[in-house]
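Chain by chain, the residues:
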Amino acid sequence: MRRIPTCVLSDAGPPEATAGHAVDRCVEIGSVTKALTATVLSAMADDGTVGLEDPVERWLPAPPGTGITLLNLAQHTSGLPRLPPRVGRRDPYAAFDQAELLRLVRSLDTVVQPRQGEEEYSNFGYAVLGAALAVAGGAAYEELLRTYVLDPLGVTEVTVHPPLEQRLLAPGLLGFRRRPWTMDGAILPAGGLWATPRAVADLIVGLLVERRLGEPAPGWQTTGPLWWHNGATRDASVFAGAMEDGRWVVVHRLGGAPEETDRAGIQALERSAA
């Protein structure tokens, strides 16, 4: 059985990288991107650039009266579906560009589902949130991320387009690396970032343990004393979390089931408490 490249970083000991993984190569971090997008929202709300209760139509050409606020988008209570309509299968977000996002935003009242107000995880919602923040901040999403999150924390190894030689991809058949999904378009704020595992660890410590930018943003998930987020693309998965007592962990794997990555993260936190 082929071993799955795995990287584990935690407060409990030195980093562990097996089967060809590495702490200093860029990997897809999937929906951990959402927690960073929500952190941008919180920081922009703190400096008055936006309001958490701003309706979407304040910043984007959405029809009035949907009731969707920026905070709804961050907390997955917007009523928007998990995925944008008509995504593909092989490379689902390749055609989901800014023009398509704006087309959907203009008919947002027809996309909202009856469960608005209830929590329902939405990649589409975070794409809309990222677009709204870019308009409000007058800058591209990645520039806002640097200004409000990465630079204040001193984290540099997070990017949208890592150099090809710096990318670490899942092994495919005959040793060829598998091609990643296209996620640098409108879906970027929902899951398109790349980072080194050590950069993800620095973010976890800065945002959840030391809380250098204030209380964790509304994009983080909570389970009792655990603050966490996971992420998965076709061939990569990550679990990142921290306990209220300061224990933390990052697990990244190239291949395998994302559920196993989550389980490995939880087990690492449990072992560190023993």
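All figures in this text were calculated on a predicted structure; none of them were measured in a lab.

Trainee: Which residues make up the pairing of strand β9 (residues 248-254), and what values do they have?
Mentor: Of all 7 residues in β9, 7 are buried, a share of seventy percent or more. Judged by which residues are buried, β9 turns out to be covered on both faces: Trp248, Val250, His252 and Leu254 on one side and Val249, Val251 and Arg253 on the other are all buried. As defined by bridge partners, strand β1 (residues 6-10) adjoins β9 across 5 bridges and the pair is classed as antiparallel. Looking at β9, one finds that threonine 6 is bridged to arginine 253. Sheet analysis places strand β8 (residues 236-243) next to β9, joined by 7 bridges and oriented antiparallel.

Trainee: Before we move on, can you summarise the packing of helix α3 (residues 98-105) against helix α5 (residues 123-137) with the specific residues and values?
Mentor: Close contact between α3 and α5 brings their axes to 11 Å; oriented N to C, the two are set at 100 degrees. Relative to α5, the element α3 lies roughly perpendicular. In this structure, α3 uses Gln98, Leu101, Leu104 and Val105 to contact α5, whose residues at the interface are Phe124, Ala127, Val128 and Ala131. Counted by class, the contact of α3 with α5 contains 7 nonpolar, 1 polar and no charged residues.

Trainee: Residues and numbers for unusual backbone geometry, please.
Mentor: Negative phi values dominate among residues other than glycine, just as trans dominates among peptide bonds. Despite not being glycine, alanine 19 shows a phi value in the positive range, around 60 degrees. Tracing the backbone through its elements, the reader meets alanine 19 in the loop between β2 (13-18) and β3 (27-28). The class for alanine 19 is partly exposed, based on a relative accessible area of 34%.

Trainee: Run through the sheet that holds strand β7 (residues 226-232), naming residues and quoting values.
Mentor: Each strand in a sheet pairs with another by means of backbone hydrogen bonds, the pair being arranged parallel or else antiparallel. Spatially, 6 strands are ordered β2-β1-β9-β8-β7-β6 in an open sheet, and the strand pairing comes out antiparallel. Unpaired on one side and paired on the other, β2 and β6 (221-223) mark the two borders of the sheet. The sheet shows a mean angle of 15 degrees between the axes of neighbouring strands, direction not considered. Summarising the sheet, β6 and β7 pair through 3 bridges and their orientation is antiparallel. Across the sheet, the residue bridging to glutamine 221 is tryptophan 228, located in β7. Sheet contacts for helix α1 (residues 32-46): β7 and β8; angle to β7, the most-contacted strand, approximately 125 degrees.

Trainee: Tell me about the sheet that holds β3, residues and numbers included.
Mentor: The antiparallel open sheet is built from 3 strands, whose spatial order is β3-β5-β4. Every interior strand has two partners, whereas the edge strands, β3 and β4 (158-159), have only one. For β3 and strand β5 (residues 194-195), the ladder comprises 2 bridges, and the chain directions are antiparallel. Within β5, the residue paired with glutamate 28 across the bridge is tryptophan 194.

What counts, and where the lines are drawn
- Residue numbers restart at each chain and count upward from 1, following the sequence in its written direction.
- In view of the model being predicted, local features appear only for residues whose pLDDT reaches at least 70, and side-chain atom pairs are presented and counted only at 80 or more, with totals across whole chains, interfaces and linings using the full set of residues.
- The side-chain numbers reported here are obtained from all heavy atoms of the structure, hydrogens and water having been left aside.
- We call a residue buried when its accessible area falls under 20% of the maximum for its residue type, exposed when it is over 50%, and partly exposed in between, using a 1.4 Å probe and counting protein chains only.
- Numbering of helices and strands runs from the N terminus; a helix is a DSSP stretch of H or I covering at least four residues, while a strand is a stretch of E covering at least two.
- Two strands qualify as a pair provided that DSSP identifies no fewer than 2 bridges between them.
- Think of each axis as a best-fit line through the C-alpha atoms, taken over the contacting stretch in the case of a helix, with angles from 0 to 180 degrees between the N-to-C directions.
- Should an angle lie under 35 degrees it is considered roughly parallel, over 145 roughly antiparallel, and from 65 to 115 roughly perpendicular; all remaining angles are considered oblique.
- Note on contacts: a residue pair is in contact if any heavy atoms of the two residues lie within 4.5 Å.
- Throughout, the ten residues Ala, Val, Leu, Ile, Met, Phe, Trp, Tyr, Cys and Pro are labelled nonpolar, Asp, Glu, Lys and Arg are labelled charged, and all others, Gly among them, are labelled polar.

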